[in-house]
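Okay, here's what each chain looks like letter by letter:
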Amino acid sequence: MMKSKPGATKQVLIIDDEESIQTIVQFGLNLSHNWTVFCASSGMDGLAIAEQSHPDVILLDVMMPEMDGPATFKALKANPATQNIPVILLTAKAQTSDRRQLQTLGVSGVITKPFNSLHLAAEICKILHWSRE
Amino acid sequence: MRILLVEDDLMLVNVLTKSLAAQNYSVDSVRDGSTAWEYLTHIDYDLILLDVLLPHLDGVSLCRRIRAEQNETPILIMTAQHNSRARVRGLDAGADDYVVKPFDIEELMARIRALIRRSGRDLSPILQLGQLVFDPGHCTTSYGGMPLSLSAKEYALLDLFFHEPNHVFSIPELLDSLWSSEEYPAEATVRSHIRRLRAKLIDAGAPQDYISNVHGRGYFLNPNGGLNAPGKQNILIDEQQLQPLKKEPNQSLDAQYQRFLAETWHQFQPKVLKDVEQLEQLLEPLQYPQDSVPDLDAAHLLAHRLKGTLGLFQQPSAMSSAAFLEAFLEAFMEESQKGSRESCVHPSDSQTSLSSAFLDLKGHLQRIKETLQSDLPLTAPSTPHDTELQPVFFCISDDESFQQAMITAAKTLPLTLVTMSNRFLISDRLWNQLPPQRPDGIIVSLYHPASSDSGLEPKLLEPKLEQLNHLRTVYAPNDPPTLFLLGESIDFATRLESVRYGARYLLNKNQQPSRLLQTCLALLPPPKTFPKALMVDDDEPWLQFMALQLQNSGFQIKTLSDPHDFEPMLVVTQPDILILDVKIPQVSGLELCQTIRSDMHWQSLPVIFVSALTDQKTQASAFSAGADDYLCKPIQSKDLAHRMMTRLQRNQTLMHWRLDNGCAMFQE
């Protein structure tokens, strides 16, 4: 696992089974805002890393084999160690109705794929009302 | 800036695409409204240029749909209708502006610029820092209202200073940033450009030290003119003064990101191609729904994943095909659950319609594959002109004179050299200062007591090499850069230890830096490609089976069962490797091999025999006919693929060594 970088202001956990997406998110967040990004390739791995690292935000893919996004989200909320970490869903479903449905799960926000990961930090800040870095 | 052009008139599309490209916009063009909608649901554009009369979904309806989705991308409508009603309809549907066809291209460009500016998406149409005004769109500058007449190099210098205000640029840094590796001006040339630029600024009214010099360090832009004491750490302007730049990531970030995307795309292409092939296999049962049941969940997940990945890598056409496959599978699954699988797409004639839908699916899969295969990495060697494609080397050493010699040598070669100190091997805390570009090779000097170089001390080799190995995996865990160690003398144990920790080559440090770099360049693995193989065998089922398996291992395969077509096929295919059977009717494989070896052109083509004949005599005949390898059937496709790949790599390395046999490997 990556160590937190000096000067990094936020720690992000991305849970996505697609390695290319992990790579690009990691690069974009790091390049644009020097954020540290942890990666997990499955819901189960994500739960363990979240509990251990307690990131500032979790980016969670909706469609994953075995444990999907909503199931992972429920497990995160059920664990006192992770229940307060904001979760943003990543989905390739672009229609408003789909986004609205996902929002009803209680997540902090939904970001539609594909995205430009250079702009991702700004999007996260907007959703979580963080002041811009 | 990315623009979506929605227009069905091809002539106009050509003209607009060229004009927009000339203004540095990147353009995706589509010919109907529904495809545009598909693109828009997956790609974030900076502006939409929209025709009104379009097939499938007209411009006004598309506009309405975009706004209903709370998408606020600026929309400029192009209409041939002169009456105000048509324009009002467009604007009421959510368009931001319109032009009436035929229109003046310059006016259209101005309207596009204005819309992008108003939307706040532009980085900055005009940047201002105190009295200095910089207009990147038109490549003009002025100071205090006075236009500055700058040469291209002076403009580039000012651009560099302007965009990195908190940075003192050393002369070597300026040389690296503004001059190509084939030019190699003296430091005095750089100073003379700075003098001229400074003089022009002073003529326009800027203070004497507007471009200031920090003794021994370099130059920087000092808009406060004399307020800052040179040499202080915090000497520069507050970045807040450059507000327009803070709106969006700056252009160099964008360029870095695009470069990274391109590199990562090449890295992941084979994997994506495998996903497509797996999806193809999963969909195969749809062709015969009576006989087999497809794994719809797996296929749906795969199509969904492909859509996301292709979108992220900005491949709109392939992504659109993946989206079609996903939507089809979703509908199919819903209908299957209802128990009426056949009626999901074409309710009228279930069986025939499903077959035709299957053909549609195959078409979309083919389109994705074509995108993947047409965009393969370049195999041509890089030239000094395409610096973006040049290999990058990190040179890690604390020996400044060695580093300087390497930098000088690198300027004459088609490569980019980044020098760094051994500090990077002590702690990964410094790694956030690493350049974003993945190096192709890392060169590290080993310590030697007789030399002045404080390189890696053999006693401390293990922890350092572990760190070094870790560093190599930071950029691309699956494809780490090649590690070159340099030394003057080294024992076998150290060599073994080095190799264990990932060193690929140990080179003699006592040679000219240019020669050393040339050697490293020649020893880099070739760019990832899909080697072409020609397979000749009269056993067609075996041939077809093996071809399919080898394709999965990353080869492009051409097969041939009739040796009469061998010569034209060889010429057309220009294979990288040839696989021959021994016993082929009419002309034997041995004869084919001898024939091609009699032609100088095919001397270096690797030839592997794969035959059921296991006797020593046949194998000896094959080698004397010119074979490079001989394998006996039955053989696993993985073993054959491995042999082929190894043979190709060996051939590549040998060719380099033949070309440059003066490059000595490190000797004890």
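Everything discussed here concerns the structure shown above.
Right, let's walk through the structure included here. Quick caveat: nothing in here was measured; it's all calculated off a predicted structure. (Residues numbered from 1 in each chain as written. Chains lettered and ligands numbered in written order. Predicted model: local features only at pLDDT ≥ 70, side-chain atom pairs only at ≥ 80, totals over all residues. Heavy atoms only, no water.)

**Observations regarding the sheet that holds strand β1 (residues 2–6) of chain B**
Residue and element names in this part refer to chain B. The condition is simple: When DSSP locates at least two bridges between a pair of strands, those strands are taken to pair. Secondary structure elements are taken from DSSP: a helix is a run of H or I of four residues or more, a strand is a run of E of two residues or more, and numbering for both begins at the N terminus. To obtain each axis, a line is fitted to C-alpha atoms, and for helices this fit is confined to the stretch in contact; angles are then taken between N-to-C directions over 0 to 180 degrees.
Strand order across the open sheet formed by five strands is β2-β1-β3-β4-β5, with parallel pairing between neighbours. Both outer strands of the open sheet, β2 (26–30) and β5 (97–100), are each paired with one neighbouring strand and no more. The sheet shows a mean angle of 20° between the axes of neighbouring strands, taken without regard to direction. Pairing of strand β3 (residues 47–51) with strand β4 (residues 75–79) involves four bridges; the strand directions are parallel. Paired with Leu50 across the bridge in β4 is Ile77.

**Remarks on unusual backbone geometry**
Put simply, the rule reads: Using a 1.4 Å probe on the protein chains alone, a residue whose accessible area is under 20% of its type maximum counts as buried, one over 50% counts as exposed, and one in between counts as partly exposed.
Of note, the bond from Lys633 of chain B into Pro634 of chain B is cis; its omega dihedral lies within 30 degrees of zero at -5°. Residue Asn34 of chain A is not a glycine yet carries a positive backbone phi of 60°. With a phi angle near 55°, His129 of chain A is a residue other than glycine that sits in the positive phi range. Along the chain, His129 of chain A turns up in the segment after α5 (120–128). In this structure His129 of chain A comes out as exposed when scored by relative accessible area, which is 70%.

**Quick word on the pairing of strand β15 (residues 482–487) of chain B**
Residue and element names in this part refer to chain B. Counting buried positions over the six residues of β15 gives six, a clear majority of the element. Residues Thr482, Phe484 and Leu486 line one face of β15 and the alternating positions Leu483, Leu485 and Gly487 line the opposite face, and both faces are buried. Examined bridge by bridge, strand β14 (residues 441–445) and β15 share five bridges and lie parallel to one another. The residue of β15 that forms the bridge with Ile443 is Phe484.

**Things to note about the packing of aromatic side chains**
The cut-off we apply is this: When the centres of two rings from Phe, Tyr and Trp lie within 6.5 Å, Trp using its six-membered ring, the rings pair. Their planes under 30 degrees apart give stacked, over 60 give edge-to-face, and anything left gives tilted. Only lysine NZ and arginine CZ atoms are considered, and such an atom sits over a ring when it is within 6 Å of the ring centre and within 35 degrees of the ring normal.
Per the stated rule, a full pass over the model turns up six aromatic pairs over all chains. Between Tyr143 of chain B and Tyr210 of chain B, the ring centres sit 5.2 Å apart and the planes meet at 85°, which makes this aromatic pair edge-to-face. Of this pair, Tyr143 of chain B sits in strand β8 (residues 140–143) while Tyr210 of chain B sits in the loop between α8 (187–203) and β10 (211–214), placing them 67 residues apart in sequence. Among the residues examined, Tyr143 of chain B registers a relative accessible area of 5% and is labelled buried. Ring centres of Phe484 of chain B and Tyr505 of chain B lie 5.7 Å apart, and the angle between their planes is 15°; on these two criteria the pair is classed as stacked. Placement of Phe484 of chain B in strand β15 and of Tyr505 of chain B in strand β16 (residues 503–508) is noted, with a sequence separation of 21 residues between them. Both residues of the pair, Phe484 of chain B and Tyr505 of chain B, count as buried. One aromatic cluster is present, formed by Phe393, Phe484 and Tyr505 of chain B through successive ring pairs. Against the face of Trp130 of chain A rests Lys10 of chain A, its NZ or CZ located 4.3 Å from the ring centre. Cation over ring: Lys633 of chain B sits above Trp542 of chain B, and NZ or CZ is 4.2 Å from the ring centre.

**Concerning the pairing of β1 of chain B**
Residue and element names in this part refer to chain B. Counted residue by residue, β1 has five buried out of five residues, so it is predominantly covered. Pairing geometry for β1 and β2, over five bridges, is parallel. Each residue of the ladder has a partner; that of Ile3, found in β2, is Val27.

**What about the sheet that holds strand β3 (residues 57–61) of chain A?**
Residue and element names in this part refer to chain A. The condition is simple: Throughout, a residue-residue contact means that at least one pair of heavy atoms, one from each residue, lies within 4.5 Å.
If you walk across this open sheet you meet the five strands as β2-β1-β3-β4-β5, and the pairing is parallel. Whereas interior strands pair on both sides, the edge strands pair on one side only; in this sheet they are β2 (36–40) and β5 (109–112). The sheet shows a mean angle of 25° between the axes of neighbouring strands, taken without regard to direction. Alignment of strand β1 (residues 11–15) against β2, held across five bridges, turns out to be parallel. Among the inter-strand pairings, Ile14 is bridged to a residue of β2, identified as Cys39. This element, helix α3 (residues 69–78), spans β1, β3 and β4 (87–91) of the sheet and lies at about 150° to β3.

**Considering the packing of helix α1 (residues 10–22) of chain B against helix α5 (residues 105–119) of chain B**
All names here are of chain B. Put simply, the rule is: Should an angle lie under 35 degrees it is considered roughly parallel, over 145 roughly antiparallel, and from 65 to 115 roughly perpendicular; all remaining angles are considered oblique. Definitions for this section: a left-handed crossing has its near helix turned counterclockwise from the far helix by less than a right angle. A right-handed crossing has that turn clockwise. Residue polarity follows a fixed list, in which Ala, Val, Leu, Ile, Met, Phe, Trp, Tyr, Cys and Pro are nonpolar, Asp, Glu, Lys and Arg are charged, and the others, Gly among them, are polar.
α5 packs onto α1 with a crossing angle of 55° between their chain directions and a minimal axis gap of 11 Å. One element, α1, and the other, α5, form an angle in the oblique class. α1 and α5 meet at a crossing whose hand is right-handed. On α5, the residues that touch Val15, Leu16, Ser19 and Leu20 of α1 are Ile105, Leu108, Met109 and Ile112. When grouped by side-chain class, the residues that make up the contact of α1 with α5 number seven nonpolar, one polar and no charged.

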